[in-house]
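Residue-level structure breakdown
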Amino acid sequence: MLFFRSEDEIRAWCRGRGVEPGPAVSVEQLWRLSVVWYGTRLHPEPPRRTPDEARAIFVGVGLTDPFWDPVPRQE
Amino acid sequence: MTEKRFGLTRRQVLAAGAGAAAVPAFVGAQSPRASLLAAPPIPNVRIGFVGVGGMGTVHVRNLLAVHEASPGVEIRAVCDIVPEHAERARDFVREAGGAEPTLYTRGERDYERMCAEEELDLVFTATPWRFHVPVCVAAMENGKHAATEVPAATTIDECWQLVETAERTGRHCVMMENCNYGRWEMMVFHLVRLGVLGEVLHAEGGYLHDLRDVKFANRGEGLWRRAHSHTRNANLYPTHGLGPVANCMDIGRGDRFDYLVSMSGPSRGLQDYAREHFPEGAPQRAEEFTLGDVNLSLIKTARGRTITVVHDTNLPRPYSRINLVQGTRGIFQGYPNRVYVEGRSESHRWDDAETWYEEYAHPLWRNVASPGEELGHGRMDYLEDYRLIRCLQEGLPTEMNVYDAAALSAVTDLSERSVADRSRPMDFPDFTRGGWETFEKLPVVTD
C-alpha cells in the first residue's frame, strides 16, 4: 500500500516504473469506510457481514471497482 | 477479474486499516509483481559477491569503477570456495579505498551463511551454473535482491523457482546478460525503437564460440563446464544470442516465446579434440559426449514471429552471436556488422554498419564513459553493471527481470526435450502469467 497526494501522482509513479496502477482510495472514502467497517469492532461479538452487506458498504462509500467485490468472479 | 488482481486482497487492505485506523492519504494498492519490477530506491547498494573467479572478478572491478564514477556501491562481503580468489577480490576493494569486505570461504554452501548474516541489498553470483539458482534463492529468501551470471537456470523447474521466489519475496532477480549492452546490439535496439527497420518479424541469434580449449582446461570453467556436454544434448547457452534480439522483439513486454522446436547434429568436436591434445591413455580420451556439436532451435512467438537460436561450441570456427534482426523496412546482421534499409541502402547491397553508427549509436554508448576496455568484453560488461546499479539506486525496473531470466534460460530445458523427441514442439511456460501483454516496453535509456 502506497500513499500519494493525487491520482496524477499515482499514474506518474506507475508510468515511471512500468507497473499497473492499483485501485485508489481517497482520504474521504477511507474515513467513511473505516467509520462503518470498524464501527462494530468493540462489540464483544462483532457481527460477521454477509457478502451483500459488505458490498452495500463498499458501494455506499463509492468503492465500486471489482477489487472490492466480496464474491469475486474467477478470471 | 478476481479480488487479487492488484496483489493485495480486499481483506488485506481492510485488515491493515483495522490496525492503522483511518489513514489520511490516497492509497494505491500495488501488487507483489509491481513491487518486484520496481523496488524502493537504494542510494547506497551494499553487495555480497559469490564466486570471484574470472567473470566474478570482472564484475567486482566494474562495480568498484561504477562507485568511483558515482559513489553509492559498497562490496561488503565476498564468498568463494577458493580463499585466494576471495582475498584477491578483497584486495581490489581495499585498493579502491573501500572498507574490507567479510570473506566467506568455508565451502560451497557458505553463501547461505553470508546471505543470512550480512546486511546486504544485493547478492551477485558468478559461480558455476548449478549454483545460480540456490544462491539467488538464498539471497531473496533473506530479503536481498539477486543478480546472477548467465544462464540464470538450467531447467524449467529452476526457472519457476526463481520466478516464484522473486514474486513471493518482492525482490529482483536479474540475469546479467552482458550482450544486451553490446555496442552493436544496442545500436540495433535503437534502430528498432526509432522504427528504421519497420515492424520486426524475424531474428536470429546464437552462441558460436570454439570453447574446446576452455572445456578441457584444468582450471576455471574447465573444471565444470565440460560436464554439461557429457549429459545434455541441447542449447546449453542460449542467452547471449537470444537476449539482445528478444529485447528488439519486446519479448516479455508485448510478445512472448510461445513454442520451440530443436534439433542437434552429431557429436564429434570434443572427442576429436581430446584425441589430438591428450596422450594415449589419458582419461579425457575416454570421455563420451552427448552434446551435438551444432544445435539449432526455432522459436515461434505468441505474435507469430520467428527466431532461430544456435549453439555451436565444439568445432573450430571464428566467434559469432549472429545478431540478426529483420523488419518490414530493413535488416541488421552481425559478424560482420551490416545494415540494409530499403530506400537508403544501395539496392540489394549491405552497408557497413560503421557508416550508420555515428547517426544511430545508442545514447548509453555515447554518454557513459567507461573506465577501460580491460574490464571485460569491451565496455558492455561495465555498462551492464552500471545500469543495474542505477536502476537499484533510483528504484527503477531493472532492464532484465526475473521473467526475462526465466524465459531466456528455459531454452536449454525445452531444446533438450525437443531434441530427445524428434524435434517435437515444446511450449514455453508463460512465466509472467499474462503480464507480458501489459508490461511496459524497455525504453532507450540515455545515461
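Residues numbered from 1 in each chain as written. Chains lettered and ligands numbered in written order. Predicted model: local features only at pLDDT ≥ 70, side-chain atom pairs only at ≥ 80, totals over all residues. Heavy atoms only, no water.

Moving on, we get to the overall build of chain B. The secondary structure content of chain B amounts to 16 helices and 16 strands. Here the C-alpha radius of gyration of chain B, 22 Å, is about what a compact globule of 447 residues would show, namely 22 Å. When the backbone C-alpha atoms are referred to their principal axes, chain B occupies close to 75 × 55 × 45 Å. Taken over 447 residues, chain B has a buried fraction of 60%. In the form shown here, chain B has an accessible surface area of approximately 18100 Å², with 49% of it arising from carbon and sulfur atoms. One finds the centroid of the 49 positive side-chain charges in chain B at a distance of 4 Å from the centroid of its 62 negative side-chain charges. (Helix = DSSP H or I, 4+ residues; strand = E, 2+ residues; numbered from the N terminus. Rg over C-alpha atoms; globule rule 2.2 N^0.38 Å. Buried < 20%, exposed > 50% of the residue type's maximum accessible area, 1.4 Å probe, protein only. Areas by Shrake-Rupley, 256 points an atom, 1.4 Å probe, with all protein chains shown as cover. Lys, Arg positive; Asp, Glu negative; His and termini not counted. Charge placed at Lys NZ, Arg CZ, Asp CG, Glu CD.)

Regarding its fold elements, chain A presents 3 helices and 2 strands. The linear arrangement of helices and strands in chain A, starting from the amino end, is β-α-β-α-α. A compact globule built from 75 residues would reach a C-alpha radius of gyration of about 11 Å, whereas chain A, at 15 Å, exceeds it by more than 25%. Once the C-alpha set of chain A is aligned to its principal axes, its extents read approximately 45 × 30 × 20 Å. By the burial criterion, 35% of the 75 residues in chain A qualify as buried. Restricting to contacts in chain A with at least 6 residues of sequence separation, those with at least 24 account for 34%. Element-wise, carbon and sulfur atoms account for 54% of the exposed surface of chain A, whose accessible area totals about 5000 Å². (Contact = heavy atoms within 4.5 Å.)

Time to look at the environment of Pro 283 of chain B. Residues and elements named next belong to chain B. As for its position among the elements, Pro 283 is in the loop between helix 12 (269–277) and strand 10 (294–301). Classification of Pro 283 as exposed rests on a relative accessible area of 60%. As for Pro 283 and Glu 108, which are separated by 175 residues in sequence, their C-alpha atoms are 26 Å apart.

A separate point is empty space enclosed by the protein. Residue and element names in this part refer to chain B. Using the criterion set out here, one finds 7 cavities of 30 Å³ or more in the structure. By volume, the largest cavity amounts to about 260 Å³. What lines the largest cavity is a set of 23 residues, among which Asn 180, Tyr 181, Asn 247, Glu 399 and Leu 442 lie closest to the centre. At the level of elements, strand 7 (173–175), helix 8 (183–193), helix 11 (239–248) and helix 15 (380–394) are the ones that each hand at least two residues to the lining of the largest cavity. (1 Å grid on protein atoms, 1.4 Å probe; cavity = no way out; pocket = protein on both sides within 12 Å on 5 of 7 lines; lining within 4 Å. Points joined across faces, edges and corners; volume = space filled by probe spheres on them.)

Residues and elements named next belong to chain B. Taken in spatial order, the 6 strands of this open sheet run 4-3-2-5-6-7, and their pairing is parallel. Among the strands making up the open sheet, the edge pair consists of strand 4 (102–104) and strand 7. For this sheet the average axis-to-axis angle between neighbouring strands, irrespective of direction, equals 25°. As paired strands, strand 5 (residues 122–125) and strand 6 (residues 145–148) are joined by 4 bridges and run parallel to one another. Residue Thr 125 lies in a different strand from strand 6, and its bridge partner there is Thr 148. The strands that helix 3 (residues 54–69) touches are strand 2 (45–50), strand 3 (73–79) and strand 5; relative to strand 3, the one it contacts most, it runs at about 160°. Contacting strand 2, strand 5, strand 6 and strand 7, helix 6 (residues 132–141) crosses the sheet at an angle of about 165° to strand 6. (Pairing = 2+ DSSP bridges. Axes fitted to C-alpha atoms, helices over the stretch in contact; angles between N-to-C directions.)

For the rest of this paragraph, the subject is the side chain of Glu 177 of chain B. Residues and elements named next belong to chain B. By secondary structure assignment, the location of Glu 177 is in the loop between strand 7 and helix 8. Of the side chains with opposite charge, Arg 321 comes closest to the buried, unpaired Glu 177, at an N-O distance of 6.4 Å. Looking at Glu 177, its side chain comes within polar contact range of the main-chain nitrogen of Cys 179, at 2.8 Å. One polar contact links Glu 177 to His 240, side chain to side chain, over a distance of 2.7 Å. (Salt bridge = Lys/Arg side-chain N within 4 Å of Asp/Glu carboxyl O. Polar contact = N/O pair within 3.5 Å; in protein donor to acceptor, adjacent residues only side chain to side chain.)

On the surface, a nonpolar cluster with roughly 300 Å² of combined accessible area is contributed by Trp 31, Val 35 and Val 36 of chain A. Of note, Trp 31 of chain A is situated in helix 2 (residues 27–37). (Patch = residues over 30% accessible without salt bridge, like charges linked within 9 Å, V, L, I, M, F, W, Y side chains within 5 Å.)

Residues and elements named next belong to chain B. Residues of helix 5 (residues 110–117) that are buried: Asp 110, Tyr 111, Met 114 and Cys 115. What you see down the axis of helix 5 is that its buried residues fit within an arc of 145°, all on one side. Facing away from the buried surface of helix 5 by more than 90 degrees, the exposed residues are Ala 116 and Glu 117. Buried residues in helix 5 make contact with strand 2, strand 3, strand 4, strand 5 and helix 6. (Arc of directions from axis to C-beta.)

Next up on the list: the environment of Arg 232 of chain B. All names here are of chain B. Looking at the secondary structure, you find Arg 232 in the loop between helix 10 (225–231) and helix 11. For Arg 232, the residues in contact, after removing those within four places along its chain, are Thr 154, Thr 290, Leu 291, Thr 412, Asp 413 and Glu 416. Of the polar contacts made by the side chain of Arg 232, one reaches the side chain of Glu 416; its length is 2.7 Å.

Residues and elements named next belong to chain B. Taken together, the 9 strands give an open sheet; going across it, the order is 15-14-13-12-8-11-10-9-16, and neighbouring strands pair in mixed fashion. Bordering the open sheet on either side are strand 15 (351–352) and strand 16 (426–427), each of which pairs with just one other strand. In this sheet, strand 12 (residues 324–327) lies alongside strand 8 (residues 200–208) in antiparallel orientation, the contact comprising 4 bridges. Counterpart to Ala 203 in the pairing with strand 12 is Val 325.

It is worth spelling out the nonpolar core at this point. Ile 47, Phe 124, Leu 162, Met 187, Leu 242, Phe 257 and Ile 299 of chain B are the most contacted members of the largest nonpolar core, which has 122 residues in total. If one sorts the elements of this core by residue count, helix 16 (residues 402–420) of chain B sits on top with 9 residues. Both domains that furnish three or more residues to this core are identified here as domain 1 (41–175) and domain 2 (180–365 + 401–437) of chain B. Ignoring sequence-local partners within four residues, the contact set of Met 187 of chain B consists of Phe 332, Val 339, Ala 353, Trp 356, Tyr 357, Tyr 360, Ala 361 and His 362 of chain B. Of all hydrophobic cores here, the second largest spans 14 residues; its members include Leu 33, Tyr 38, Ala 54 and Trp 68 of chain A. (Core = buried A, V, L, I, M, F, W, Y, C linked by side-chain atoms within 4.5 Å. Domains from an automatic or database assignment.)

Residue and element names in this part refer to chain B. Within chain B, residue pLDDT values average 92, and 91% of them lie at 70 or more. Contacts from residues 1–6, a stretch scored under 50 in pLDDT, to residues over four places away or in other chains number 23 contacts. Taken as a whole, residues 18–30 scores under 50 in pLDDT and shows 42 contacts with residues more than four places along the chain or in a different chain. (pLDDT = per-residue confidence, 0-100.)

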